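Fold and contact review
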Amino acid sequence: MAANKECTFIAIKPDDVQRGLIGDIIKRFEQKGFQLVAMECQQVSKEHLQQHYIDLKDRSFHNALVDYMNSGPVVAMVRQGLKGLNVVKTGRIMLGETNPVDSKPSTIKGDFCIQVGRNICPGSDSVESVEKPNALWFKDDEQV
């Protein structure tokens, strides 16, 4: 990734892949001007998901989350803003709140989410937290 280019990691969860929401979600980021840096649709191993969610390993929902994310294909993306600024913050606003009841209409979770446990897309929550999932999901030469 180019220097001074803020990126964000976004994943589309299995039930939303199954619901056919991939295009709708990608379109929103494209319309906002977020460039695609890397993207892959894959069936993710439990080991990979345990590493991805390592910071949640002591939470009561960790195993259920790993099982859910392993239940079908996931679309993982790295997105970058045209000017590179505030991509993480803007992405979080576009995604909406974790609880769909708290998400405003016109956000991804507000428009598509049904319940907290099936909340469409996780995304980077800070600039500092982006590197770990990006490196876990994509090699440097896979990010353009």
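Before any of the text, the structure's been laid out above.
Because the structure is predicted, anything quoted here is derived from the model rather than measured.

A few points about the sheet that holds strand E1 (residues 7–12)
- On the basis of which strands lie adjacent, the open sheet formed by 3 strands has the order E1-E3-E2 and antiparallel pairing. The sheet is open, and its two borders are formed by E1 and strand E2 (34–42), each paired with just one other strand. Going from strand to strand, the sheet's axes swing by 20 degrees on average, the running direction of each strand aside.
- Bridge count between E1 and strand E3 (residues 74–81): 6 bridges; the pairing is antiparallel. When the bridges of E3 are listed, Ala-11 appears paired with Ala-76.
- Strand contacts of helix H2 (residues 22–32): E1, E2 and E3, with the helix running at about 5 degrees to E3, the strand carrying the most contacts.

Quick notes on unusual backbone geometry
- For Ser-106, which is not glycine, the phi torsion reads 85 degrees and is therefore positive.
- In this fold, Ser-106 is placed in the loop between helix H5 (87–95) and helix H6 (108–112).
- Ser-106 sits in the exposed class, given a relative accessible area of 59%.

A word on the environment of Val-101
- Along the polypeptide, Val-101 turns up in the loop between H5 and H6.
- What makes Val-101 exposed here is its relative accessible area of 71%.
- Taking the C-alpha atoms as reference, Val-101 lies 8.8 Å from Ile-114; in sequence the two are 13 residues apart.

Description of the packing of H2 against H5
- Across the interface, H2 lies against H5 with an axial gap of 12 Å and an inter-helix angle of 135 degrees. With respect to their mutual orientation, H2 and H5 come out oblique. Where H2 crosses over H5, the handedness of that crossing is right-handed. Residues Arg-28, Phe-29 and Lys-32 of H2 form the contact with H5, whose participating residues are Thr-90, Gly-91, Met-94 and Leu-95.
- Grouping the amino acids of the contact of H2 with H5 by side-chain chemistry returns 3 nonpolar, 2 polar and 2 charged.

Reading the values: the criteria
- In this convention, every chain numbers its residues from 1, walking through the sequence in written order.
- Totals for whole chains, interfaces and linings use all residues, but because this is a predicted model, local features are given only for residues with pLDDT of at least 70 and pairs of side-chain atoms are given and counted only at 80 or more.
- Values shown for side chains rest on all heavy atoms present in the structure; no hydrogens or waters enter the calculation.
- Two strands are said to pair when DSSP picks up at least two bridges between them.
- To qualify as a helix, a DSSP run of H or I must reach at least 4 residues; to qualify as a strand, a run of E must reach at least 2; elements of each kind are numbered from the N terminus.
- All axes here are fitted lines through C-alpha atoms, helices being fitted over the stretch that makes contact, and every angle between N-to-C directions spans 0 to 180 degrees.
- Note on definitions: a residue-residue contact is assigned when non-hydrogen atoms from the two residues lie within 4.5 Å.
- Three labels apply to residues, based on accessible area from a 1.4 Å probe with only protein chains included: buried if under 20% of the type maximum, exposed if over 50%, partly exposed otherwise in between.
- Oblique is the label for any angle not under 35 degrees, not over 145, and not in the 65 to 115 range, which are roughly parallel, roughly antiparallel and roughly perpendicular in turn.
- Two helices that cross are described as forming a left-handed crossing if the nearer one is turned anticlockwise from the farther one by less than a right angle, and a right-handed crossing if clockwise.
- When residues are sorted by character, Ala, Val, Leu, Ile, Met, Phe, Trp, Tyr, Cys and Pro go into the nonpolar class, Asp, Glu, Lys and Arg into the charged class, and all the rest, Gly among them, into the polar class.

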